[in-house]
Each structure stands twice: as C-alpha cells, then as structure tokens.
Amino acid sequence: MQLDFETRAARYIMEWGEWIEKLQLLALLGFKFERAKIYVEKLIKLQNQDGGFPRNWIKGRASSLLETATALELLAKMNFREEVLEKAAKYLVEKQLANGSWREEKEEYGERRAEKHRVTLETARILRALASFDAKNAGIEKAIAYLAYAQREDGLWLTSHLDESVDMEASSEAILALLEVGSEKAKQLARIGVEALWRWFVEKATEDWSEMPKEALSIAEALIEAGYGEAEAVRRILKAYVKAEKWRFGDKRSISTSEAVKALKVLLLAKAIDEEKVRREVERLIYVREELKRKIEAKEEETRNYFLIRFEEIGIRPSDKPSKILLGSYLYAMMDQFFWTSEAFDPQKEYREIVGLIGSVDQIDKYMDFENVKKAFFKSRALRGIARRRKLEVAKSISLFAKFIKEYGNFKDFKEFAEKLRAYTLFKVAPQVSGWNTAYNLGLLLRSFSKAENDLGKLIKSFELSLKCFPAVGAKIALLFPFYALWVFRLWPEASTYIKCPIDWNIVKPYGNLGLSCMTLKELRKDPKRAAEAIHRLAEELFPEDPAKIVFLWIVGHEWCTKPYKCYGIAGRKCWIFDLCARGRTGEGKKNMG
C-alpha cells in the first residue's frame, strides 16, 4: 500500500527522530503535556543546577544557550508552567551580554573561535524562546536593542557584530522573534525586515533557486508568520518541497529528521498539507506504542519462557551453573546463524542432534576438543550444505570459548566475566585469528584493556568487541549470545539495560504490520536490517531499563506474521497483537501475509 505524504512524514519523525524532535512535533500539533509525558519528563530530568539544559541533550554536560532556549519554548507552548521554566529563563537572562546579544561558548581544539559565531541567529532564537514564555522578561528589551543595532540599512540582518555579511537565516529568525515579542518597537523592526526579506525572496525564488537552499524553510516560515502565506511565490516553493525527490523517508541521508520537523512546521503553517491527517497519524502512533508497551509487559514472563523451553530441550535450565548456561548459550547462538531462518530443517531437532554428537553441555572437555566438535559438524545432516571453512571456523570458535569457561570457571558478576573475557581474547584468542575486521576490533579492545575500563557501559562494549574477535562471530552472534545468556537466563540483571534484541524479518514484519515504520512492507522486505536501528530506538524508548523486552515482536512474527494461514480467523485471534494489527482483523492476511 502506498502511504501519503502526511502519513510518511509523521511516521518518519516518530520512528527515526530523536526524542526532542518527537516532542517538537507533538508541540507543533498542539498536544498537551499528558500526551507527551514520556518526552517532557525526559527533558525536565536533564535540567542542570544552573537552570540550563545540557549541550546535545546529554545529561551531565555543561549548559547550552540554544538547548535551553529550545526547551523553554517547547515547554511554554505546551502550557507547562512550573519552576523548570523560571529557572531556564533566569539562566538565559544571566548569560545575556552587555550589548543585549547572546553568544554560545564553543571550543575548538582548546581555542575559542568567536568569529565562527552567528550571534544574530543565536540572539534571535533565544529572544523568541523568552518571549514565548514571558513577553515582559527583563532581557527582551536589551535583545531588541541588539537586533536594531544589527539590522542593516536594507532591512536584513548582519551575521554578527564581527561579521557584517548578510545572514538570511538569521534575518528570518529575527523577524520571527520580533513578531513573537509583539511590542510596537519590535513590530516596526519586523516590518522593515519583512519587506526586505520579501523582496529578496521573490527575486531569488523566481530566478536563482534550481534547488531549495538551506535557509529556505526559515525564510518561508518568517514570511508566512508575517502574513505572506497566500503569496504565489511562497506556495510554489512549498509545493515544490512536498513533491521533491529528496523526501525518501527511511533514508536519513536523504533528509534529516530535524529538517523534516522544520519542513512539516512550515508546510502546516502554510496549510500546504492536511494538519488533521498528520495529527490523526501521530495520535495513532502514540496509541499503538502505549498499547504495545502494555502488552509486552503483560507477556514478559511468557516471552522469556518461550526461549527457555527451547534451551530445556537441549538440557540447559535456569537453575544450572553459570558456566553451563554461558557455554550452552554460546553454542545455541553459533548454531542459530545456520537455522535462524531455516525452512528445510527443524532447528530444535538439529540442535539436539549436534549436542548429542558432541556431548552434554556439562562435559566442557568435549567442547574444548576442536577435533570432537569438528567431527560432529561434519556428521550433521543439516550442515551438509554449509561451506567446509565456515564449519571449521564455528568449531574453532566453540572450542576457544569452552577453554575460556574451563580456565576461569564460575564468575561472581558480569564485571568479572567481561574483564576476564577481554584479557583472554587479547592473550589467547588474538594469536589464533586474522583478518582486517578482527585486527580493528582487537585494537579497540586493547585500548579498553590498557585504560582498565571497568564501568558497566564500557564493559558491555568490550564484551561485544571480545565476541567479534572470536572466529565466525559477526554482529548478529554478538547480539544473540548476550541476549540468550543475560536476558533469557537473567544471569546478571545489572547488565539488562544494555542488552539488545537481535533483528531479522521475524521482528521486522510485525513492526511493519503495526504501521510503526515510514517504509512499506515491500520496502522493509528488501532489507530488514534497515529497520534495526529504529526498532532498537523504540525498545529503548518504551523500556529504558530493559530494551530487550521488544523480542516480544519476534515471537509474534515467528508464530503468526510469517505464517499466512495463522493471520486470520480463529488462529489469527490468538495473535498477541491481533487487536492492534489491522491486517489480522480484516482478513488481509490470507492474501498478503506471505
């Protein structure tokens, strides 16, 4: 099914956008605090002691003027009236310079580069934020005085007092800020600026713009706010924007999500697209996310047991020793690369056969014996089509990991396990492996080791790097093994925040069926990995403390979505997301779910 522009734009921002961009979209559409609670609370928690908000929205970093202005304007427009806004406004006023301007402190190679600052642009954005919160704020008159000083004779604005070249984006933002203030003096300056901007816009729009320049959206927004929204030149540019080939949603190289938010804002202001349609789609996306979260939480134990049953069939249980669970999980993950999407063989049956050929997972010595593991692989009927070299690499990898388990025994916590695996990889595995990617990963691992990194987040990364240095372990196995050992078996709960769910078509299809992607099922089918980052982002948003819970969707895909005969009728009603997925209810599954 082909999705219209409004639907794809809304989905693109809600799927791929940063949380702050999603909040900007909700504020733009007039959503109140209650509907945007998850993002507003995240924003509030970032506020620093000085009242500002951290640079790049990273908690603990120094406060930034522009981030603080963005937060202030967003919360003010959502009618959020609390001490948070007062503190943010106070921070901005305290940082105002004597001439009424603001200048973000930047450091480049340890030196402050004042000439790189677009002071007028920064001042206009901060003024607009303050005016949206309190038009009588003490810093507003000083800021207006600076904009009056920085306005050129032709009505446009300078880049800064150190750079007298015209800045069209700053001119647009200055007009928007002055219109937001609304005082007589501000209106007079804005009127002069609008006339100059309109002359420039008409001249460029009709002659020079073979493609949209970077500042076009800011210029269009200023003209629309000033009452030029019905002008033919503005309408023509905006229509061209909607029809442009650059709107390849799902490809962030085509258009960034921040640009998409800005474009949507201008298009809605100009009534160039259907605002109600965008709003309905965003409402639907929020509802689906909330319901999905509720269903996942209700089915958490059932989801975990789904995988535990598989392991019990090959003799591995949660009550077993950590060493047995680790080796069994590693073996299962290594085998999954052969059977994860197999249709010719029953994976569980093949796992049991291979374990039977090698020996019980309790018998670590048999897995340490490379020849024994290799012999089992070459006897396996299911692995006959796998290349000889690949089977040898997998056998070697399992043998090396078994030796690690045997040498170091049980581990008291994840920290001890990760540190010992890092050392073992560098000193025992490294001499036995080769390849450019492996050398690169070993280099990163060596840096981690030399710095003695031991905080949980960095140990998780070194754990993944260690795994990737083992033969036949790629990115997928590096996700699968920790998922099985640390999430399914809950070996070390402290690491659950960092565990991700593996992504393949089984999880991507229900994700697409729920209408959470800006791409169609046909587009997702061509390359399911394109949705991996978006699914992990969704998981972290819904379950920041335990993102691997999203594996719920993998079970839905494996049991229903990828089996056409189970997606409609009585069988379809048993699907965990039946009431959220329109395809299951309408009976489309019979025709389209293959």
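Note that the structure is a prediction, hence the values are computed from the model and not measured.

Engineer: Outline the pairing of strand 4 (residues 163–166), listing residues and values.
Structural biologist: Relative to strand 4, strand 3 (residues 158–160) runs antiparallel, the two being bridged by two bridges. Within the sheet, the bridge partner assigned to serine 160 lies in strand 4 and is aspartate 163. Taken together, strand 3 and the strand that follows it, strand 4, pair antiparallel across an intervening segment of two residues.

Engineer: Please provide a residue-by-residue account of the packing of aromatic side chains, values included.
Structural biologist: Summed over all chains, the structure comprises 37 aromatic pairs. Aromatic side chains tyrosine 332 and tyrosine 484 sit 5.2 Å apart centroid to centroid with 90° between the ring planes, which places their arrangement in the edge-to-face category. On the criterion of sequence distance, the pair formed by tyrosine 332 in helix 15 (residues 322–339) and tyrosine 484 in helix 23 (residues 475–488) is long-range, its members being 152 residues apart. Take tyrosine 332: its relative accessible area is 1%, and that puts it in the buried class. Among the residues examined, tyrosine 484 registers a relative accessible area of 1% and is labelled buried.

Engineer: So what about the nonpolar core? Which residues, and what values?
Structural biologist: With 202 residues, the main nonpolar core has Leu292, Leu326, Phe377, Phe414, Phe417 and Phe481 as its most contacted residues. Once residues within four sequence positions are removed from consideration, leucine 292 is found in contact with Leu514, Leu516, Leu538, Leu542, Phe552, Leu553, Ile577 and Leu580.

Engineer: Give me the lowdown on the pattern of salt bridges, citing residues and values where you can.
Structural biologist: Throughout the structure, instances matching the rule amount to 38 salt bridges. In this structure, aspartate 365 engages lysine 406 in a salt bridge whose closest nitrogen and oxygen atoms are separated by 3.5 Å. Here aspartate 365, found in helix 17 (residues 364–368), pairs with lysine 406, found in helix 19 (residues 388–408); they are 41 residues apart in sequence, far enough to count as distant. Taking relative accessible area as the criterion, lysine 406 reaches 47% and is therefore assigned partly exposed. Each of Glu73, Lys77, Arg118, Arg125, Arg128, Asp167, Glu169, Glu173, Glu221, Lys262 and Lys265 takes part in salt bridges that share partners, so that together they form one network.

Engineer: Now, about the environment of tyrosine 306: what can you tell me, with residues and values included?
Structural biologist: Mapped onto the elements, tyrosine 306 comes out in helix 14 (residues 300–312). Separated by 246 residues in the primary sequence, tyrosine 306 and phenylalanine 552 place their C-alpha atoms 9.8 Å from one another. A distance of 3.0 Å separates polar atoms of two side chains, one belonging to tyrosine 306 and the other to histidine 558.

Engineer: How would you explain the packing of helix 20 (residues 414–429) against helix 21 (residues 436–450) if you had to name every residue and give the values?
Structural biologist: Here helix 20 crosses helix 21 at 125°, and the two axes come no closer than 10 Å. In this view, helix 20 runs oblique relative to helix 21, as classed from their interaxial angle. Every pair of crossing elements has a handedness; the one defined by helix 20 and helix 21 is left-handed. Taking contact as the criterion, the partners of Arg422, Ala423, Thr425, Leu426 and Phe427 in helix 20 are, on helix 21, Leu442, Leu445, Leu446, Ser448 and Phe449. Broken down by class, the residue content of the contact of helix 20 with helix 21 amounts to seven nonpolar, two polar and one charged.

Engineer: Can you lay out a positive patch on the surface for me, pointing to particular residues and giving the numbers?
Structural biologist: On the surface, Arg447, Lys451, Lys458 and Lys461 cluster together into a positively charged patch. When you line up the elements, lysine 461 lands in helix 22 (residues 456–469).

The rules behind these values
Residues numbered from 1 in each chain as written. Predicted model: local features only at pLDDT ≥ 70, side-chain atom pairs only at ≥ 80, totals over all residues. Heavy atoms only, no water. Pairing = 2+ DSSP bridges. Helix = DSSP H or I, 4+ residues; strand = E, 2+ residues; numbered from the N terminus. Phe/Tyr/Trp six-rings, centres within 6.5 Å; stacked < 30°, edge-to-face > 60°. Buried < 20%, exposed > 50% of the residue type's maximum accessible area, 1.4 Å probe, protein only. Core = buried A, V, L, I, M, F, W, Y, C linked by side-chain atoms within 4.5 Å. Contact = heavy atoms within 4.5 Å. Salt bridge = Lys/Arg side-chain N within 4 Å of Asp/Glu carboxyl O. Polar contact = N/O pair within 3.5 Å; in protein donor to acceptor, adjacent residues only side chain to side chain. Axes fitted to C-alpha atoms, helices over the stretch in contact; angles between N-to-C directions. Parallel < 35°, antiparallel > 145°, perpendicular 65-115°, else oblique. Left-handed = near helix turned anticlockwise from the far one by under 90°. Nonpolar A, V, L, I, M, F, W, Y, C, P; charged D, E, K, R; others polar. Patch = residues over 30% accessible without salt bridge, like charges linked within 9 Å, V, L, I, M, F, W, Y side chains within 5 Å. Areas by Shrake-Rupley, 256 points an atom, 1.4 Å probe, with all protein chains shown as cover. Lys, Arg positive; Asp, Glu negative; His and termini not counted. Charge placed at Lys NZ, Arg CZ, Asp CG, Glu CD.

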